[in-house]
Structure formats: C-alpha cells, structure tokens
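Structural overview for review
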Amino acid sequence: MRFVIYGAGGIGGTIGARLHLNGFEVGLIARGAHFEAIVRDGLRFVSPTQDILLRIPCFPHPNEADIRPDDAVVLCMKGQHTEDALRDLHVATGGDARVICCQNGVENERLALRRFPHTYGMVVMLPAEHLEPGVVVNFAEGTAGGLDAGCYPAGVDDFIESVTAALRRAGFSSAPDRAIMGQKYAKLLGNLNNAVQAATGTGSRAVSAKLREEALACYRAAGIHCATAEETRARRADIRGGDVPGHKRHGGSSLQSMLRGTGDIETDFMNGEIVLLGRLHGVPVPANTLVQEIGNRLVRENLSPGSMAMEELERRLLDPSADGAVSPG
C-alpha cells in the first residue's frame, strides 16, 4: 500500500514522515513555497527526539502523483480547501481512489462521498505545526498522535484495517472505528475554540462551555451521535505532548493559518457547522454565530493574532443585553 498525503502541512507532513521512516511507500502533495522547499532540500521533520531531512517524493498536483486505485489518499488540507482538492483529485483519478479525510470538521466526508464511493473518516489528535516552508514539527513523545479511522458513513473494511495497522507501526495510536463520525463530532466540540484562540491569543472556560452547550443542543435536535467525554479521554490517554528544542508550540490550526498569513480560516467548517445545524433544526446558536463572524473578520481585515480582548469577547458572548460587535483590543 502506498500512502499519498494530500496536504503535507503539520498533520500531513508528520504522518508522511513517520510512515516513510517506518518503511512505507509515501508520496506527498504540497503547494507553493512548501513544495519548492521539499523538492529542493527534503522535508525537515522535527520531533522531541529527531531533527532530520527526509527525501520523500513530492508533487504539486494530483495529476503528477500517479495515484493508483489501491493507494491510500489521505486528505490533510483544511476544510475550506477540500472542495477544490477533491475536484482536482477526481480529474486525476476519475473517482477511482480511496479517500481518507484526516481533517477537522465533519463536512469533508460528505464532500468526498459525492465523487468517491470509497470514502473514510479519520479523527485527528496530533500535536503538530507547519509555520515554515519545508518544515513540520511533531510535539509528541512516545505515541506521535491519535488517528482512529472508519468507513464513511459507518463501518470498517479490510482497507481501513490495513491503514490503521500501518499507522500503529509508524508510531501512532490508530484503531478502526465503526462509528468514526461520533469521534469526529466530539473533536468538533474542542475545535469550536480555534477562532477564539486566534482572535484573543488565549482561551476561556466560560466561552468554551457556551459554544459546546449550543453544539450539543444541535446534536440532540439533529439526532447526531457524539462520542462521550469518557470515550474521547480513553482514546487520548497515551498521547503525550513533548517539548521540541528550538520550536515553540503556538496553538491550534486557525492560529497557525493566521501566523502563516494564508488569507483564509476554517471557521465556516467549525463554528459554521453548528450555525448550519442550528438553522436547520431551529436551535438558537448566537455564540457560535458570533465566533464564526469573528473568525472571518480576522482574515477579511487582516487582523493580527490576539488582536481582540478576551474580556470584550466574553461580555458579548455571555451578556444577553450586549450587542454582537467585538472591537479589536
């Protein structure tokens, strides 16, 4: 089995690097300066115990990756880039590809299944960053991260059994899960804070609780299964963060997008998912609506990370009498 990592940033680059180091055939798909650096110098993979350059085949587009029907195509781009990526992948393969959505959010699988009958979900619990072209950093000791997976919308087959076995050999905690979307909906609850962290540079238990409360109300109204906190903690028990000499861990994926100046953010597929469910099922979601607006404003107005005051955000989210606008701090 060959692994084609489509989107070789912090998550994809770490997965590709560790699979390569453990003897698996790997191809990367990257773009821009990151692609150029990997082709020129190799992929620099950094962890608490390693700092190495890896010569892994890298391609700028699926058309050039010679993707075969039995390859595992692992999508690792952010949700706002999935539709374009799937369109390019379909042109390259005619839909004859096995697509694994190793991404935050719950919309990617639905998008993939429109074009690819063999679609799989994978939940991502992997402390990694990509802020510099050609470099990925995995902040983990021992187990590199958690990557459970299953068929979409449900089930397990021989292919995903083989994928998870390979990931375990490569140092990840990875198990087949017949109800993988339950884990992904649980992971989404935490990702609702991504834009808050990007906007304020910190977190708030009160804000997190409000965002989560709205999301769970939407799940109940929609009849959506969500893994319990106990189930999630059990799957994360052996994942330990670690310090990497010379590399500071900055934060979540939305903050990383802002630090890299990508000009886009994934909030529409995080808080926006809850907003969508709320509108579909008649559940009020004012907190997630405001955070979605803030996330999009960050990139629309090219604001800096941490440019909004948490105190002001808390007031707007938690005080019913306050108006919805949040000004830069």
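What you see is a predicted model, and the numbers here were worked out from it, not measured in a lab. (Residues numbered from 1 in each chain as written. Predicted model: local features only at pLDDT ≥ 70, side-chain atom pairs only at ≥ 80, totals over all residues. Heavy atoms only, no water.)

**Thoughts on unusual backbone geometry**
The linkage connecting Tyr-152 with the following residue, Pro-153, adopts the cis geometry, with an omega of 10 degrees. Positionally, Pro-153 belongs in the loop between β12 (149-151) and α5 (158-169). With phi around 50 degrees, Asp-66 is a residue other than glycine that occupies positive phi space. Mapped onto the elements, Asp-66 comes out in the loop between β5 (58-59) and β6 (72-75). (Helix = DSSP H or I, 4+ residues; strand = E, 2+ residues; numbered from the N terminus.)

**A look at helix α8 (residues 205-222)**
Under the 1.5 Å per step criterion, the end-to-end length of α8 is 25 Å for 18 residues, consistent within 8% with the ideal 26 Å. Taken as a whole, α8 has its buried residues at Val-207, Leu-211, Glu-214, Ala-215, Cys-218 and Tyr-219. Taken end-on, α8 shows its buried residues confined to a sector of 140 degrees, consistent with a single buried face. Turned more than 90 degrees from where α8 packs its buried face, Arg-205 and Arg-220 sit exposed. Gly-223 occupies a position one or two residues after α8 and carries a positive phi of about 70 degrees. (Expected span 1.5 Å × (residues − 1). Buried < 20%, exposed > 50% of the residue type's maximum accessible area, 1.4 Å probe, protein only. Arc of directions from axis to C-beta.)

**Quick notes on the sheet that holds strand β4 (residues 51-54)**
Spatially, the four strands line up as an open sheet ordered β4-β3-β10-β9, and their pairing is mixed. Where the open sheet ends on each side, the last strands, each with one partner, are β4 and β9 (128-132). On average, adjacent strands in this sheet sit at an angle of 25 degrees to one another, irrespective of strand direction. Bridge count for strand β3 (residues 43-46) against β4 is four bridges, and the pairing is antiparallel. Of the residues in β4, the one forming a bridge with Phe-45 is Ile-52. (Pairing = 2+ DSSP bridges. Axes fitted to C-alpha atoms, helices over the stretch in contact; angles between N-to-C directions.)

**Looking at the nonpolar core**
Membership of the largest hydrophobic core comes to 42 residues, with the highest contact counts inside it found for Tyr-219, Ile-274 and Leu-298. Contributing elements (two or more residues each) for this core: α6 (180-191), α7 (194-200), α8, α10 (253-260), α11 (271-281), α12 (286-300) and α13 (310-318). Among the elements that take part in this core, α6 stands out by supplying six residues, more than any other. Dropping the residues within four chain positions of it, Ile-274 is found in contact with Leu-188, Leu-192, Glu-214, Ala-215, Cys-218, Tyr-219, Val-285 and Asn-288. (Core = buried A, V, L, I, M, F, W, Y, C linked by side-chain atoms within 4.5 Å. Contact = heavy atoms within 4.5 Å.)

Function-wise, these values are silent; they only describe arrangement.
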